[in-house]
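Okay, here's what each chain looks like letter by letter:
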Amino acid sequence: MPAKKKRGKASKAEKDKLKKEEEERRRKEEEEARLIAEQEEQERLEREQKEREKQLRLESKDRERRGDELNELRFTLEENQKKVNVWETTARAKAKWKRYMICDGSPNPAIRPEINTFITLWKEDPDVDIQTILKQCALALRLTDELELVLSEETEPRIIQEHQDTLQSLTSLIHTKHQAAAEEILKSAKACPDIETGNMQKIVHDDNVTLCLWANIKKNPRFKGYHFEEVALSFELPKPLTMSDICVRILHTRYDHLSNLSLWIQAQNKSLETEEEEEEGRGEGKGDAEMLSETPKVPEDGETKGEDEVRESVQEKDDLQSLKSTEGKKSSVSVRSAKEGRKGSSVKLQEEVEDHPDSIMEEGTSTGEAEDEAEPEPTVIQPETISPKVHIVDLYRYTPLGGVYYFDLFKLPPQTLTFKGWETTEILKTGLQVFPYPSDQHHSSVSGTLEENATHTYPPAGVTVVLPESVIFMQEPQVARWDPIGQHWRTDHITETSYNSETRSISIKMDSFYTFTLLQETHINMPFQHWELRPQGQDSVTLTIMTAFTKVSINVKGNQCMLQMEQAPGLNHILGKWMSLAALQSAMRRAGVNVFVNEYSEKYVTVSAKDPLIEHAVYEQMALVSSAFAFSRSQWNAQCGQEHLVLQACEHVEAGPVAQEAWSLYLLGAQRSQRLMMTEMSDGFSSELAEDSEFHSTFLHMLRDVISPLGQDRSDHTRYLFVDTVQRLLCSTRLLTFS
């Protein structure tokens, strides 16, 4: 027993000893850790002190040379701009002299007396042969293109207004001539019916237009429609029209004069909105009807002023005539009397009046009888509950592509008769007359109440077109019809749309016959997924932009640009062709490949907002060294705030792609530029300065720290026209914001 207690006591003493030894070891470790932490803290403080000293030294050095760097950059940019201005002035003078020396008989559209004489003589020319008209219209279209170029460079408001008036007169006359040529063909419709169908079908086309005419000669009640196989256009005729003396015209113009008119009106409306918002803040706000005061209004009873304005400014607009049939008067009166009780139905009828402003005549009334009758004052339903902006296409958000399709229903004109060797034709001063559908007779055939008129439906008119090969639609196109009263595109009254991606055809049905176009979102390619600006030699670069739908490459050489794309055979008319940047931008927009922004783009695209002055300054400096440096998008640009920009850059004077490890990140601001320690693959953003680098007041001098003699030689010999072209290309795409 005593032995056991002794062993127990010895065991307890050993435990105490071990415990003391453990505590001693722990104290030593803690002391060592404390000493190490103190040493590390001291080293950190010393390192931070050195960093602060280095930072202060670099900042002081940057401040000392800031004035010199800014003055050098300013001088370089100003000298380049002066040279560009001189070149542009000389180029305009040469172009003006070259235009003056042209002796082909065509007028100069910028000289008002010349173009007015041309318009007057052409208007009075009685020749309506279709081939002659097409040649004359081709000349007029060249004049409109030339005038639009002059307009883009003009700054004097009075001259701009004169040119716009001339442009509208030309475009209106072109359409009038197309109408006259079609009427001349249709006058002989019964003399040349098709053997198989018994009706007249005719196709005429050139590089600018495709004209399809069909005349209802046989009046087959089972007729459904016709397909113009040669040009891949077809239409469906509503059954109520199969027994009428009618003709159908489908005129496809590859140009679009209507959207320019609508865009000009929308631009004015946008400026008016700002003014009206300010007035509303002062308690002087205006109603919806007044917000579009620049848009021609529906005339009130007895008003005829709007007719002349619409007739001259809108191509397909016929004269606004009064209701001439007795039933027509009764119908319009009944609509007005029931308006207060049935506003929902009156909205529909009001839109029908707006969409069919042409005369609605009783089918049994002849033209001569209509002329003998005293014309009553026009009765027009005034809009009360319709918002003027409903269904109106915003042309800053959508772009019409592929031209315009005029889908018209006309009364068959008096036919040419042959009697004893003599040909006689009744000449109508009214020209082609619109055949109203749904017509006045349709409304009066119902019981006459507003509710029944509102619920009665009429078979729609259908049309099928194949998408033009010269246009790329990234998605299924949308369809809009032209409103000649409001002078804008609208999306209502189009009841059905069917798109076949294999045949690239789109079929639509409408409650009447309208002029229509195909739409695509203007900013469908934005924001950009990636971009890279890579030098290709002296005064040569390639800008590559990756979007969600395609890859676009724009080569710049000197002051000329060229578009390159894969799998775009329909764009052979612009691919691989050198042209000015302005011409390339216009061609790409018309082809549906838009990578260029406008002043309203930020309202339609989610972007990383940046200070516009800083952004513009960076583009200027990128252009100066673009022959020697490559630039690319950085994911960190979206995380550095509005006052800073981040992009990748590296010197690249050899052919081929840029190696991934060659890129460096640069943080750019209004006061300072610096190269970053971090890389594109770093876990988080850090503004730590890269080793062996300094601060600079400009991006240009920042890049000069790492440039080689060969790169410096390229930059020193870069021509001013190349710098200007690259700068305008970067400013028009705004890669640092829209990616």
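Residues numbered from 1 in each chain as written. Predicted model: local features only at pLDDT ≥ 70, side-chain atom pairs only at ≥ 80, totals over all residues. Heavy atoms only, no water.

Enquirer: Explanation requested: the overall build of the protein chain in the structure shown.
Expert: What the protein chain contains, in helices and strands, is 17 helices and 22 strands. The buried share of the protein chain, reckoned over its 739 residues, is 46%. Counting every atom, the protein chain has about 39200 Å² of accessible surface; 49% of that belongs to carbon and sulfur. (Helix = DSSP H or I, 4+ residues; strand = E, 2+ residues; numbered from the N terminus. Buried < 20%, exposed > 50% of the residue type's maximum accessible area, 1.4 Å probe, protein only. Areas by Shrake-Rupley, 256 points an atom, 1.4 Å probe, with all protein chains shown as cover.)

Enquirer: What is the right way to look at the side chain of asparagine 108 in this model?
Expert: Note that asparagine 108 resides in the loop between helix H1 (2-101) and helix H2 (112-124). Classification of asparagine 108 by relative accessible area gives buried; the value is 16%. Beyond its immediate stretch of four places on either side in the chain, asparagine 108 contacts Arg99, Glu114, Ile115 and Glu146. (Contact = heavy atoms within 4.5 Å.)

Enquirer: How do you make sense of the sheet that holds strand S6 (residues 398-411) when you look at a structure like this?
Expert: Hydrogen bonding along the main chain pairs the strands of a sheet, whether they run parallel or antiparallel. Spatially, the 7 strands line up as an open sheet ordered S1-S2-S5-S6-S14-S10-S11, and their pairing is antiparallel. In this open sheet, the two edge strands, each paired with only one partner strand, are strand S1 (200-205) and strand S11 (488-490). Taking each pair of neighbouring strands and ignoring which way they run, the sheet shows an average axis angle of 25°. Summarising the sheet, strand S2 (residues 209-215) and strand S5 (residues 246-253) pair through 7 bridges and their orientation is antiparallel. Within the sheet, the bridge partner assigned to leucine 213 lies in S5 and is arginine 249. (Pairing = 2+ DSSP bridges. Axes fitted to C-alpha atoms, helices over the stretch in contact; angles between N-to-C directions.)

Enquirer: Explain a nonpolar patch on the surface here, please?
Expert: Taken together, the side chains of Trp97, Tyr100 and Met101 present a nonpolar region at the surface, about 410 Å² in accessible area. As for its placement among the helices and strands, methionine 101 is situated in helix H1. Its relative accessible area of 44% is what places methionine 101 among the partly exposed residues. (Patch = residues over 30% accessible without salt bridge, like charges linked within 9 Å, V, L, I, M, F, W, Y side chains within 5 Å. Salt bridge = Lys/Arg side-chain N within 4 Å of Asp/Glu carboxyl O.)

Enquirer: I tried to follow the environment of alanine 232 on my own but got confused; where do I start?
Expert: Relative to the elements of secondary structure, alanine 232 occurs in the loop between strand S3 (225-228) and strand S4 (233-236). Each C-alpha atom of the pair alanine 232 and threonine 464 lies 8.1 Å from the other, and the pair is 232 residues apart in sequence. If sequence neighbours within four positions are ignored, alanine 232 has contacts with His227, Thr464, Val465 and Val466.

Enquirer: Is there a simple way to think about the packing of aromatic side chains in this case?
Expert: Geometrically, a pair of aromatic rings is defined through the distance of the ring centres and the angle of the planes. Scanning the model with the defined rule gives 15 aromatic pairs in all. Between tryptophan 214 and phenylalanine 223 the ring centres are 4.7 Å apart and the planes differ by 15°, which places this aromatic pair in the stacked class. For tryptophan 214, a relative accessible area of 0% puts it in the buried group. Judged by centre distance (4.8 Å) and plane angle (45°), the ring pair of phenylalanine 407 and phenylalanine 513 falls under tilted. Placement of the pair is phenylalanine 407 in strand S6 and phenylalanine 513 in the loop between strand S13 (505-510) and strand S14 (515-521), with a sequence separation of 106 residues. An identical accessibility class is assigned to phenylalanine 407 and phenylalanine 513; each is buried. Taken together, the ring pairs connect Trp214, Phe223, Tyr226, Phe228 and Phe235 into an aromatic cluster. Its end group placed over the ring of tyrosine 514, arginine 481 keeps NZ or CZ at 4.8 Å from the ring centre. Arginine 672 extends its terminal NZ or CZ atom over the ring of phenylalanine 695, reaching a point 4.5 Å from the ring centre. (Phe/Tyr/Trp six-rings, centres within 6.5 Å; stacked < 30°, edge-to-face > 60°. Lys NZ or Arg CZ within 6 Å of the ring centre and 35° of its normal.)

Enquirer: It is not clear to me how the nonpolar core should be interpreted in this structure. Could you clarify?
Expert: What tends to happen in soluble globular proteins is that the nonpolar side chains get buried as a cluster. If you look at the biggest cluster of nonpolar residues, it comprises 58 residues, and the most contacted ones within it are Trp531, Met622, Phe631 and Phe699. It is helix H14 (residues 612-624) that provides the largest number of residues to this core, a total of 6 residues. Residues within four places of phenylalanine 699 in sequence aside, it is in contact with Val618, Gln621, Met622, Phe631, Leu647, Ala649, Tyr666, Leu668 and Ser673. The next biggest cluster of nonpolar side chains, apart from the first, holds 43 residues, and it includes Leu186, Leu211, Ile265 and Leu519. (Core = buried A, V, L, I, M, F, W, Y, C linked by side-chain atoms within 4.5 Å.)

Enquirer: Looking at this model, I keep getting lost on the pattern of salt bridges. Mind explaining?
Expert: It is possible for side chains of opposite charge to pair when their charged atoms get near one another. Within the structure shown, the criterion is met by 20 salt bridges. One salt bridge connects glutamate 69 with arginine 65, and the closest N-O pair in it is separated by 3.4 Å. Here glutamate 69 and its partner arginine 65 are both found in helix H1, 4 residues apart, which amounts to about one turn of the helix. Assessed through its relative accessible area of 5%, glutamate 69 is described here as buried.

Enquirer: Would you mind going over the confidence of the model for the protein chain with me for this structure?
Expert: Note: predicted coordinates in regions of low pLDDT should not be interpreted at a detailed level. In this model, the protein chain carries an average pLDDT of 80, and 79% of its residues clear a pLDDT of 70 or more. For residues 284-387, every residue scores under 50 in pLDDT, and the model assigns this stretch 167 contacts once sequence neighbours within four places are set aside. Within the model, the stretch residues 441-455 combines pLDDT values under 50 with 25 contacts to residues more than four positions away or in other chains. (pLDDT = per-residue confidence, 0-100.)

Enquirer: I'm lost on H14 in this one. Help?
Expert: Note that an α-helix has 3.6 residues per turn; residues three or four places apart therefore point the same way. Taking 1.5 Å of rise per residue, the 13 residues of H14 would be expected to cover 18 Å, and the 19 Å separating its terminal C-alpha atoms lies within 8% of that figure. Sitting at the amino-terminal end of H14 is aspartate 611, which places a side-chain oxygen 2.9 Å from the backbone nitrogen of leucine 613. (Expected span 1.5 Å × (residues − 1). Polar contact = N/O pair within 3.5 Å; in protein donor to acceptor, adjacent residues only side chain to side chain.)

Enquirer: I keep staring at the sheet that holds S4 and nothing clicks. Help me out?
Expert: If you walk across this open sheet you meet the 5 strands as S3-S4-S9-S13-S12, and the pairing is antiparallel. The two strands at the open ends of the sheet, each matched to only one other strand, are S3 and strand S12 (494-500). Across this sheet, the average inter-strand angle for adjacent strands is 10°, counted without regard to direction. Pairing geometry for S3 and S4, over 4 bridges, is antiparallel. Paired with phenylalanine 228 across the two strands is leucine 233, which belongs to S4.

Enquirer: It is not clear to me how the packing of H14 against helix H17 (residues 720-733) should be interpreted in this structure. Could you clarify?
Expert: Helix-helix packing: each pair is described by the crossing angle between the helix axes and the interaxial distance. Two elements in contact, H14 and H17, have axes separated by 8 Å at closest approach and are oriented at 145°. Pair H14 / H17 crosses with right-handed handedness. In this structure, H14 uses His616, Tyr619, Glu620, Met622, Ala623 and Leu624 to contact H17, whose residues at the interface are Val723, Val726, Gln727, Leu730 and Cys731. Classifying every residue of the contact of H14 with H17 by side-chain character gives 8 nonpolar, 2 polar and 1 charged. (Left-handed = near helix turned anticlockwise from the far one by under 90°. Nonpolar A, V, L, I, M, F, W, Y, C, P; charged D, E, K, R; others polar.)

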